[in-house]
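Working through the structure, step by step
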Amino acid sequence: MRDEINFETSDAEVISILRKYANETVDLTYKRLKDRIDKLGVVQPNVSLDAARDLILVELPGIDNPERARSFLQSAAKLEFWDVYRVSDPGILNAFVEADSRLKRLQSGDPTSLDSAIVDDVRMDTIWTQTLDSLGNVTGDSTFEVMPTTINNDPFSDRGPLLQLMDLNAVTSQGQTGFPLAVVGIADENKKNLIDQYLAMPEIKRLFPQDAFFRWSQKPYKDFQTGKSSGRYELYALKKKRGSDKAPLAGDHVIRATSQPDPVSNEVAVSLSMDNQGARIWGDLTSKAAQDNNREIAIMLDDEVVSAPRVNEAITTGDSRISGDFSIQEGQDLANILQIGKLPASPKIIQQAVVGPSLGKDNINRSLISLLIGFGLVIVFMLFYYGGAGIVSIIALLANLFFIFGALASYGTVLTLPGFAGIILTIGMAVDANVIIFERVREELRQGKSMLMSISDGFQNSYSAIIDANVTTILVALVLSYFGIGPIKGFAVVLIIGVIFSMFTAVLLSRLLIEWWTAKGKTISFWTGPSANLFADLNVDWLGKRKMAYVISGTVLLAGLISFVTRGFDLGVDFKGGYAYTIQFEQSVPVSATDLRAQLKDAFGSEPVVKSVDTENTYNIVTDYLIDSEAEDADNQVARKLYDGVNAMVGGNLDFDQFNNAEASGTHVISSSKVGPIIADDIKESSVYAAIFALLCIFLYIFIRFSKWQYSAGAVAALFHDALVVLSIFSIFHGLVPWTMEIDQNFIAALLTVIGYSINDTVIIFDRIREYLNQYTKRSKTETINMAINSTLSRTVITSFTTIMVVLILFLFGGASIKGFAFALVVGIVTGTYSTVFIATPMVHDLTGEMKAKEVSSKKHFSKAVNPKV
């Protein structure tokens, strides 16, 4: 980058250049990852890029081997070929002995480096041949010759910290054990990290050749007698080229990769073909290795040694084979990955969720039941309340669903549980525009206008309220889409699509149907006998009750604030990070949350969160055990601890693999998720930003539409009130009700939806206040506002009622994971209806002086001449 960055480049320019390259890297990684997933054989995978966060979301419906998918996604496919040091090379073995001795002296409190030391029964006579550079520093050519003399002819009988962790004895007798000379040590998996830390210490690192570095084998080696996995890993000392940290040969030169069994050994191997430059480099490497006593060449994939074959002769054709105890599937996956090419950046899974097929099927069934029942109730209500006009709204609703599913299919959206919730919510919201129009038509009819004139004026006078209400919802959904992650972003997309099509079907399609019907000379009813006079001629002094409402709201909010401090919240794994498991126990094994919590506390070392879910004998367990660990097998360690605790709980007869198989029967994990600390912090931060930006967008939009800050202040205060009430309810009642009340991503989506939805009713009243200020110029501010509330109360109640009806069905029949989301919506919609009448509108009244009509230009009416011959 020296052509782009120099000493004159400003920090801002450097950041901009780095960001440009980072964006290119992320984009290329995303594209190659998509190519990889196409090779995975999953039906309808969904891969999307969140460029603002450098996050890639991958959804794999129907995957039957999550572990294979994780490996497939995380492998960077960084293929490298390295020269190696042998354990028999001068200074290598003795450097380990000296390193062990020094570590032992350091741990005993003696940091002095001695050329000759006696440790218990071991005498270490060290000859250190120094080679210095021009600055007097020790170079990598410095060597140690250590002559250990011990009792019982065992130079390692009194091991220090390093040799207690790793085994050199097995390596030093290669003829007996069968280890290749390139292996310098072996160790258990749980000791690798500490060994790496020791070897990376500056005082230890300088004991080895300067161009040496260490890497572990990808898999445990097989026992030479039984042929089974030993569980121990091999350590290799690789050799860098002078002045370069790059491998002599990398996978960039691979042009073809195939997998097939070796005809001699019958082991699966991956065959590679290289381009001309790669063939030349490979020929040079193998030629030198063959001449150097048939030395090995280490083949490394993603910083792990897959194999280190011994080179018997130079290979000039550019062909190579990788063997590493692969299964047929692993060999094919590796070939596919290498064929596509290495990823420019190494992906790291920071959040994951696995849902077993039984739970997935149950979620689908529950969602469909909720969808059908909610749809049926809306149909019944619209027919009961609006008669013939209700049929029009039902046709518009069906068309709306048709358009939504069509748009989602075209958009390539994978329908998740929050997406289903978005569709169900849209059903309730879709009739809102029809309700606004039909209620206005009913008003015009009560004033004695003709049917055609009432329909025309009803539609005409409803447009501003419909547009304002839906634009605010779309603004909030856009904020949610921008700041949301994963399924929440999908929920926002579904909500946006649903709102747009509901406006189209309610305003355009409904009007076309009504005008087509009335053009035949037929009439259409907008009420039935029982509903004809509901909410008609109301004359309630709502503003006179505002002080009582202020006291009620203040009391609820005060109780909520006290609960915030004393009880806090039931934070989900999304917000605090950790592992979450849903375990279904056998019905014959009764389990209590208290006993399970105590048993798992012994396993994890700290008390996990254990909650029962609505399915019988099923529990959700959340723990932060090892969530900050960088170990590659941290997930497996947590799963093993969970298994140990549950196995002890049910009598010790569980099989680990069956327990972690989401498709198994008996006591097993039916779903799991992991949220790393990075993504948890991001979710918390994004949630705060989303709420702030949503309120800010609404404030600005209301200010633009009504030209008075008092309207914006009243609306935002009501929304802030609604959000605090919902939070208060979740704080006060968590743990006291039989369903989950977690604060997670779904809850934030519900809260923002409430913000976007609650403003609808507020905007309708504000719009009517503006209309009445122009129409009733002689009336007082209080009288005008009360009239506006009374005249729009039917819309306020009915729009909320239809939505609550659907959301309540979602709460009653939806799965356990969606209950908290649905409950937050129910509370939010009820609170929003209340705050529209008792918070938002009264605040506008209290914040303004005597209200006057805004100067508006007179409306022009155009008549359309129709040629009877057409």
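All of the points below concern the structure found in this document. The structure presented is a predicted model; accordingly, all values stated were derived computationally and were not measured.

Let us now look at the overall build of the protein chain. From N to C terminus, the protein chain includes 25 helices and 23 strands. Counting across all 870 residues of the protein chain, residues that qualify as buried make up 50%. A fraction of 72% describes how many contacts in the protein chain between residues 6 or more apart in sequence connect residues 24 or more apart.

Right, let's get into the pattern of salt bridges. On inspection of all chains with the given rule, the structure shows 29 salt bridges. One salt bridge in this structure joins Asp50 and Arg53, with 2.7 Å as the shortest N-O distance. Taken individually, Asp50 and Arg53 each receive the classification buried, so the pair is uniform in this respect. Put simply, Glu771 and Arg440 hold a salt bridge, and the shortest N to O gap is 2.7 Å. Of this pair, Glu771 sits in helix α23 (residues 745-775) while Arg440 sits in helix α13 (residues 417-446), placing them 331 residues apart in sequence. Classification of Glu771 as partly exposed rests on a relative accessible area of 24%. Since its relative accessible area comes to 6%, Arg440 is described here as buried. When salt bridges with common partners are traced through the structure, they connect Arg440, Glu443, Glu444, Lys449, Asp457, Arg768, Glu771 and Arg795 into a single cluster.

It is worth spelling out the packing of helix α1 (residues 11-40) against helix α10 (residues 328-340) at this point. It is at 10 Å that the axes of α1 and α10 come closest, and there the two elements cross at 150°. Classified by the angle their axes make, α1 and α10 are roughly antiparallel. In this structure, α1 meets α10 at a crossing whose hand is right-handed. Facing Arg32, Asp35, Arg36 and Lys39 of α1, the residues of α10 in contact are Asn336, Ile337 and Ile340. Classifying every residue of the contact of α1 with α10 gives two nonpolar, one polar and four charged.

Residues Phe526, Ile702 and Phe766 are the most contacted members of the largest nonpolar core, which totals 130 residues. Counting residues per element, this core draws most heavily on α23, which supplies 17 residues. If we ignore the near neighbours within four places in the chain, the residues touching Ile702 are Ser707, Tyr711, Ser712, Ala715, Ile759, Val763 and Phe766.

On the surface, Val688, Tyr689, Ile692, Phe693, Leu696, Leu700, Phe703, Ile704, Trp709 and Leu847 cluster together into a nonpolar patch covering about 960 Å² of accessible area. Considering every element that reaches the nonpolar patch, the biggest residue donor is helix α21 (residues 677-706), with eight residues. Relative to the assigned elements, Val688 resides in helix α21. Accessibility expressed as a relative area gives 48% for Val688, which makes it partly exposed.

Taking 1.5 Å per residue, 30 residues should reach 44 Å; α1 reaches 43 Å between its end C-alpha atoms and fits that length. Of all the residues in α1, the buried ones are Ile17, Val26, Thr29, Tyr30, Leu33, Arg36, Ile37 and Leu40. Buried residues along α1 sit against β1 (46-50), β2 (55-59), α2 (66-74) and α10. Positive phi shows up at Gly41, right after α1, with a value of about 80°.

Each aromatic ring pair is specified by the distance between its two centres and by the angle formed by the two planes. Counting across every chain of the model gives 31 aromatic pairs. Relative to Tyr711, the ring of Phe706 lies with its centre 5.1 Å away and its plane at 25°, an arrangement referred to as stacked. In this pair, the class of Phe706 matches that of Tyr711, namely buried. Relative to Phe823, the ring of Phe730 has its centre 5.9 Å away and its plane inclined at 45°; by these criteria the two rings are tilted. A residue pair is termed long-range when its members are at least 10 positions apart, and Phe730 in helix α22 (residues 709-733) and Phe823 in helix α25 (residues 816-847) qualify at 93 residues. For the pair shown, Phe730 and Phe823 are each scored as buried. Taken together, the ring pairs connect Phe381, Tyr385, Tyr386, Phe438, Phe526 and Phe801 into an aromatic cluster. One residue, Lys20, lies across the ring of Tyr21, its end atom 5.0 Å from the ring centre. In this arrangement the basic side chain of Lys239 is found over the ring face of Tyr85, its NZ or CZ atom lying 4.6 Å from the centre.

This part is about the sheet that holds strand β19 (residues 578-584). Spatial strand order, β17-β22-β19-β21-β20: five strands in an open sheet with antiparallel pairing. Only two strands of the sheet have a single partner each, and these edge strands are β17 (351-355) and β20 (609-612). Averaged over all neighbouring strand pairs, the angle between strand axes comes to 15°, with direction disregarded. Two strands pair when backbone bridges link them, and β19 and strand β22 (residues 668-675) are joined in this way by seven bridges, in the antiparallel orientation. Along β22, the bridge assignment pairs Gln584 with His668. Sheet strands touched by helix α18 (residues 593-604): β20 and β21 (618-623). Its angle to β21, the strand with the most contacts, is close to 35°.

The N-to-C vectors of α21 and α22 enclose an angle of 150°; their axes lie 8 Å apart at closest approach. With respect to α22, the axis of α21 lies roughly antiparallel. Classified by chirality, the crossing of α22 by α21 is right-handed. Contacts between α21 and α22 involve Leu695, Ile698, Phe699, Ile702, Phe703 and Phe706 on the former and, on the latter, Trp709, Tyr711, Ser712, Ala713, Ala715, Val716, Leu719 and Phe720. Its residues placed into classes, the contact of α21 with α22 shows 13 nonpolar, one polar and no charged.

Quick look at unusual backbone geometry now. Not every positive phi belongs to a glycine, and Asn294 is a case in point at roughly 50°. Here Asn294 is to be found in the loop between α9 (276-291) and β14 (297-301). Accessibility expressed as a relative area gives 24% for Asn294, which makes it partly exposed. Unusually for a residue other than glycine, Asp302 sits at a positive phi of about 55°. Its place among the elements puts Asp302 in the loop between β14 and β15 (304-307). Asp302 sits in the partly exposed class, given a relative accessible area of 23%.

Glancing now at the environment of Leu168. By secondary structure assignment, the location of Leu168 is in the loop between β7 (166-167) and α5 (169-172). Through-space distance from the C-alpha of Leu168 to that of Leu93 is 8.2 Å; in sequence the pair is 75 residues apart.

Glancing now at helix α14 (residues 451-483). Under the 1.5 Å per step criterion, the end-to-end length of α14 is 47 Å for 33 residues, consistent within 8% with the ideal 48 Å. In α14, a bend of some 40° at Tyr463 exceeds every other bend along the element.

Below, the discussion takes up the environment of Pro180. With respect to the helices, strands and loops of the structure, Pro180 is situated in the loop between α6 (174-177) and β8 (183-188). A relative accessible area of 29% places Pro180 in the partly exposed class.

Calculation rules
- Numbers given for residues are sequential positions, taken from 1 along each chain in its written order.
- Confidence filtering applies because this is a predicted model: local features only for residues at pLDDT of at least 70, side-chain atom pairs given and counted only at 80 or more, and all residues used for totals across whole chains, interfaces and linings.
- Only hydrogens and water are set aside when side-chain values are computed; all heavy atoms of the structure are taken into account.
- Secondary structure counts use DSSP, requiring at least four H or I residues in a row for a helix and at least two E residues in a row for a strand, with both numbered from the N terminus.
- Note on classification: 1.4 Å probe, protein chains only; a residue is buried when its accessible area is under 20% of the maximum for its type, exposed when over 50%, partly exposed between these limits.
- Residues count as neighbours in contact if any of their non-hydrogen atoms are within 4.5 Å of one another.
- Take a side-chain nitrogen of Lys or Arg and a carboxyl oxygen of Asp or Glu: if they are within 4 Å of each other, that pair is a salt bridge.
- Helix axes use the C-alpha atoms of the stretch in contact, all axes being lines fitted to C-alpha atoms, and the angles between their N-to-C directions lie in the range 0 to 180 degrees.
- Just so you know how the angles are binned, under 35 degrees is roughly parallel, over 145 roughly antiparallel, 65 to 115 roughly perpendicular, and the rest oblique.
- If you view the pair so one helix is near and one far, a crossing is left-handed when the near helix is turned anticlockwise from the far one by less than a right angle, and right-handed when it is turned clockwise.
- The classification used treats Ala, Val, Leu, Ile, Met, Phe, Trp, Tyr, Cys and Pro as nonpolar, Asp, Glu, Lys and Arg as charged, and all other residues, Gly among them, as polar.
- Here, nonpolar core refers to any group of buried Ala, Val, Leu, Ile, Met, Phe, Trp, Tyr and Cys residues whose side-chain atoms link them within 4.5 Å.
- Surface patches are defined over residues having more than 30% relative accessible area and no salt bridge, joining like charges when they lie within 9 Å and nonpolar side chains (Val, Leu, Ile, Met, Phe, Trp, Tyr) when within 5 Å.
- For the accessible areas, the method is Shrake-Rupley and the probe is 1.4 Å, while residue cover comes only from the protein chains on display.
- Given the number of residues in a helix, its expected span is that number minus one, multiplied by 1.5 Å.
- Geometry of aromatic contacts follows a simple scheme: Phe, Tyr and Trp rings, the Trp one being its six-membered ring, pair when their centres are within 6.5 Å, and the pair is stacked under 30 degrees between planes, edge-to-face over 60, tilted otherwise.
- Geometrically, a charge over a ring is one whose NZ (Lys) or CZ (Arg) sits within 6 Å of the ring centre while staying within 35 degrees of the ring normal.
- One bridge is not enough; two strands pair if DSSP finds at least two bridges between them.
- Two axes enter the definition of the bend at a residue: one is fitted to the seven residues ending there, the other to the seven starting there, and the bend is the angle between them.

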